[in-house]
Amino acid sequence: MGIDSGDSRAILPCAVSAYHTSERIRLTRASTSSSTQRQSDLALRQAALLRLSTAIAAADTEDEICRAGVQGLHDRALGYDFLALLLVDRATGERVLVASAGWAEAPPDLRIRPGMGLSERPLLDGRLHYTPQVTHDTRYLPTRNTGSEVDVPMQVGHELVGVLVVESDRPEAFGDDDFEILTSAANQAAIAIGRTRLMAAERQKASEQQALLDTIADLSAQLELGTLLRAVLERA
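All values derive from a computational prediction rather than experimental measurement. (Residues numbered from 1 in each chain as written. Predicted model: local features only at pLDDT ≥ 70, side-chain atom pairs only at ≥ 80, totals over all residues. Heavy atoms only, no water.)

A.B. asks: Looking at this structure, I do not really get the nonpolar core. What am I missing?
C.D. replies: The tendency in soluble globular proteins is for nonpolar side chains to be buried as a group. Among the nonpolar cores identified, the biggest contains 33 residues, and Leu73, Tyr80, Met154 and Leu182 are the most heavily contacted of them. Sorting the residues of this core by element identifies α1 (5-58), α2 (62-73), β1 (82-88), β2 (95-101), β5 (148-156), β6 (159-168) and α4 (176-235) as the ones contributing at least two each. Here this core gets nine residues from one element, more than from any other, and that element is α4. Beyond its immediate chain neighbours, meaning those up to four positions away, methionine 154 contacts Leu85, Leu87, Glu159, Leu160, Val161, Gly162, Val163, Leu164, Ala186, Ala189, Ala190 and Ile193. (Core = buried A, V, L, I, M, F, W, Y, C linked by side-chain atoms within 4.5 Å. Buried < 20%, exposed > 50% of the residue type's maximum accessible area, 1.4 Å probe, protein only. Helix = DSSP H or I, 4+ residues; strand = E, 2+ residues; numbered from the N terminus. Contact = heavy atoms within 4.5 Å.)

Next comes the structure, spelled out in structure tokens:
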């Protein structure tokens, strides 16, 4: 049976309306799915940051703090491929690699002299530095990527004690959210290192005081013994 022109005109608006309704449903489902994925990603990132914070707080030594920092940031939920934490050698001013993640070939005794590398910049002005394309900067010391780099200072009191280095194979890979996360992690690690150094100084001070008291006690005992011997001789 054929369809006359009147029926055709009635069917066409219905088809268009049905198409628009279907499209709205599809877009709503896509939007809902995208929103759900974002919420899931956010929850995973928050959980990773909580683990990072807990690990740093639980560490007892400077080396453990540094390892906890880079390993925590290397979590898949955060997406940082290469990290290194360098502390300043007070005697030489060199930056010493203490911990790294994502760099299997990292030399365990790596030391960077003052005046070399991008990672020195935060130690000069106490600020985060971002290099969107490292190959465009002559100060870059080739490691394992040709993309971008973030260098974050670590400060204890008024002293800049180290730098957190984060690199990516991709140019322009970092944004404001990354800067906030990395600054927070570097600050927490610096606070933990400051606490560890303070406790070590207190232990050293207590040890020196105890050594002084022991010496005084030994001298006192020797003097008392000498006095006793003289008294015995005088009575003899």
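Now that the structure has been shown, we can carry on.
A.B. asks: Would you mind showing me how to read the pairing of β5 here?
C.D. replies: Consecutive side chains along a regular strand alternate between the two faces of the sheet. Most of β5 sits out of view: seven of its nine residues are buried. As paired strands, strand β4 (residues 129-131) and β5 are joined by three bridges and run antiparallel to one another. Considered in β5, the bridge of threonine 131 is made with glutamate 149. Note: β5 against β6, nine bridges, orientation antiparallel. Bridging from a neighbouring strand, glutamine 155 pairs with leucine 160 of β6. The turn linking β5 back onto β6 is made up of two residues, and glycine 157 within it adopts a positive phi angle of 65°. (Pairing = 2+ DSSP bridges.)

These figures come from the coordinates and say nothing about function on their own.
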